[in-house]
Amino acid sequence: MSPQFVLTKLFRAILTLFLAVTFVFVVLRMSGDPVAQMLPDDVPAAVITQYREMWGLDRPLPEQYLRYVSGILSGNLGFSFRDDRPALDVVLERVPLTLELGLTALLLTLALGLGAGTLAALKRGSGTDHVTMAFTILGHSMPNFFLGILLILLFAMTWRVLPSSGTGSVKHLIMPAVTLGTSYAATVARFTRSSLLEVLHQPFMRTARAKGVPFRRRLMSHALPNAGIPIVTVIGLRIGALIGGAVVVESVFAWPGVGQLLVNAVAFRDLAVVQTVVLLIAFTMVAVNFLVDILYGWLDPRIGSARREVSA
Amino acid sequence: MMPSFVPTSGAGSAGASTVLPFGADRAADAMPPVLSLEGLTVGSDAVDLVIDASLTVAPGETLCLVGESGCGKSLTCLAAMGLLAEPVRRKAGRIRFLGRDLGELDERDLRQMRGRDMTMIFQDPVASLNPVQRVGWQVAEALVIHEGLSSKVAARRAVELVDKVGIADPEARAGAFPHQLSGGMCQRVMIAMALACRPRLIVSDEATTALDVTTQAQILTLMRRLQEETGTAMIFVTHDLSVVAEIADRVAVMYSGRIVETGSVDDIFDHPSHPYTQGLMDCRLHALSATDGRLAAIGGTVPRPSARPLGCAFRTRCPRASQRCAITPDLRPIGSSQRVACHFPGRAQ
């Protein structure tokens, strides 16, 4: 990977983060006064003014913005109005739980999506293929929260085998992770199937057969690495959907992660917390995209060298 | 096994074959063939694409399979390798390889023979190599699978093989990816891959067709040399008669799914007997003088397999066709090593 390539990527990443920060700042300021939201209705006007001064909300918007941006650059992301603590602390202590949920869902997605997609491609046109693809359409089109509620009704209310909310054990993790991973797995399965089907008919697969390579090895070391690019692309692109889904799923299952924090913070106009969460999400997206780009070059040597030639 | 370029005098009974060092009948008499097809018919449920094809290849011998595109040359080879893909399958006939009937082997046994005892080189070398694996590893893989070598030892052997097929700087080239090599180099890699386990039979399906003339000549010379070193039998599919003249010991001409004429390369070039073979010979550039400086062409087109005429498939284009041609002619011997499927063989003017 050339320095020019890395620099371009870095510049784009910073631009993305800057735009996300600015957008959220503007939208939040237009959506109502946090002081009025948090204090009871019968509080005297003097108290309101006092709070507005304390939080700096009485200053003109450009000044608030400048102060916020320079704060970010020096590592200060503002104070949570609600918790009276640095917003970053409030957010960071929720991160492990969301990571636990998100990574479990991601693993589930990969196992289910890659497995089902491969099976469907190998048994193309068979009953297995049709049933698998029907399920992917279902998984694709069912909204997260709806699936979550269905699962709660079935496993928590009717059969009483899984807890409907909260954290603490593997049992608590099952339903949220399944809910979050399902639509994602469906997308991965469809992409795996189509890109594998394309690869299976390539001449080099026939060469591998003529060379006497066993079936499993043909699949694992010849076909799948070649089918990898579109699959990695869709996994990277849909990370955003996974994060968005986490916000919904955490609310449905009362999972005290970053998503739930975001929903509450928006409701309370806890500006610094909302801004911090959005910054974190934007940062994650940028990092994942960067990772995907690196994976491309690793999966397909043609991509890496093409870039090298262009930049040379 | 003694390679067949070692003289085997006295083994054959056919006197005429003394002119031909690789004479068909003589080689076949001398030692059991590596591969023999007996009445092979290949096709889908709806249509037959190869009909009743019989041929043999002796150790050290090069058999060229000649014919127009779509006449069933490649399918014959794929069938011999056990590489037919649904819906096309072997419908009748036997394939014997090293004395074993391939029809009686399961996929596992077949797979172990492929890449070890019989290997195949394909037409488009660049597309036939895995784009995300280093070419050295692709050569080494067969050694790991069939000879149980460790990756390290196999990699070293792969570099030797890459060197042997005439690639300069083999160490570095073995570490390259296919897209970093030229088409000719990729084909050399394919040949190295085919040679890796010292197979008894190499099937080359239009291996030089995609290459420019100079590269083609180099590759042909290379294959000829390597064959003489190893005594491997070779089936060489091509539609290029200059390639045939260059490399063949024996020739089988196919037309619309059937073998219409076989013989030594001298038989076919000097005394083509089937009207289709004669047409092919007349199409060559150096046949110009015989046709008043105009390039000859065979009138009409090859019938689709689903719309073949009854009897001899060539009769709709044949200058000698008569009512008898509605009966399919058998492949009958004319001369010592030549066989032809025509009711009116010979050079009719």
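Q: Tell me about unusual backbone geometry, and name the residues and values.
A: Residues and elements named next belong to chain B. Cis rather than trans, the peptide bond between Glu-86 and Pro-87 has omega equal to 5°. Looking at the element boundaries, Pro-87 is found in the loop between helix H2 (73-81) and strand E4 (89-97). Non-glycine residue Arg-198 carries a positive phi angle of around 50°.

Q: So, the confidence of the model for chain B: which residues are in play, and what are the values?
A: All names here are of chain B. The predicted model of chain B averages 84 in pLDDT, with 87% of residues at 70 or higher. For residues 1-28, every residue scores under 50 in pLDDT, and the model assigns this stretch 37 contacts once sequence neighbours within four places are set aside. As scored by the predictor, the complex reaches a pTM of 0.79 and an ipTM of 0.81.

Q: Outline the domain arrangement of chain B, supporting the account with residue identities and numerical values.
A: How big an interface is tends to be expressed through the accessible area that disappears when the partners come together. Residue and element names in this part refer to chain B. By domain assignment, chain B separates into domain 1 (15-126 + 199-268), domain 2 (127-198) and domain 3 (275-340). Put simply, the middle of domain 1 and the middle of domain 2, counted by C-alpha atoms, are 24 Å apart. With 26 residues of domain 1 at the interface, the matching set in domain 2 holds 19 residues. Summed over both sides, the interface of domain 1 with domain 2 buries roughly 2000 Å², with 65% coming from carbon and sulfur.

Q: So what about the side chain of Arg-317 of chain B? Which residues, and what values?
A: Residues and elements named next belong to chain B. Relative to the helices and strands, Arg-317 is located in the loop between helix H12 (275-282) and strand E11 (332-334). For Arg-317, a relative accessible area of 12% gives the class buried. Of note is the side chain of Arg-317, whose polar atom sits 3.0 Å from the side chain of Tyr-255. Ignoring anything within four residues of it in the chain, the contact list for Arg-317 reads Glu-68, Tyr-255, Ile-298, Gly-299, Gly-300, Thr-301 and Val-302.

Q: I'd love a proper account of the interface of chain A and chain B, names of residues and values included.
A: In this assembly, 20 residues from chain A lie in contact with 30 residues from chain B. When chain A packs against chain B, the two sides together hide about 2100 Å² of surface, and 56% of this comes from carbon and sulfur. Between the two partners, chain A and chain B, sit 2 salt bridges. Among the salt bridges present, the one from Arg-217 of chain A reaches Glu-141 of chain B, with a minimum N-O distance of 3.0 Å. Inspection of the chain A/chain B interface yields 13 residue pairs in polar contact (both at pLDDT 80 or more). If you list the elements that add at least two residues to the side of chain A that touches chain B, you get helix H10 (203-210), helix H11 (215-237) and helix H15 (301-311) of chain A. Per-element tally for the side of chain A that touches chain B: the top contributor is H10 of chain A, with 6 residues.

Thresholds, definitions, all that
Residues numbered from 1 in each chain as written. Chains lettered and ligands numbered in written order. Predicted model: local features only at pLDDT ≥ 70, side-chain atom pairs only at ≥ 80, totals over all residues. Heavy atoms only, no water. Helix = DSSP H or I, 4+ residues; strand = E, 2+ residues; numbered from the N terminus. pLDDT = per-residue confidence, 0-100. Contact = heavy atoms within 4.5 Å. Domains from an automatic or database assignment. Buried area = accessible area lost by both parts, 1.4 Å probe. Buried < 20%, exposed > 50% of the residue type's maximum accessible area, 1.4 Å probe, protein only. Polar contact = N/O pair within 3.5 Å; in protein donor to acceptor, adjacent residues only side chain to side chain. Salt bridge = Lys/Arg side-chain N within 4 Å of Asp/Glu carboxyl O.

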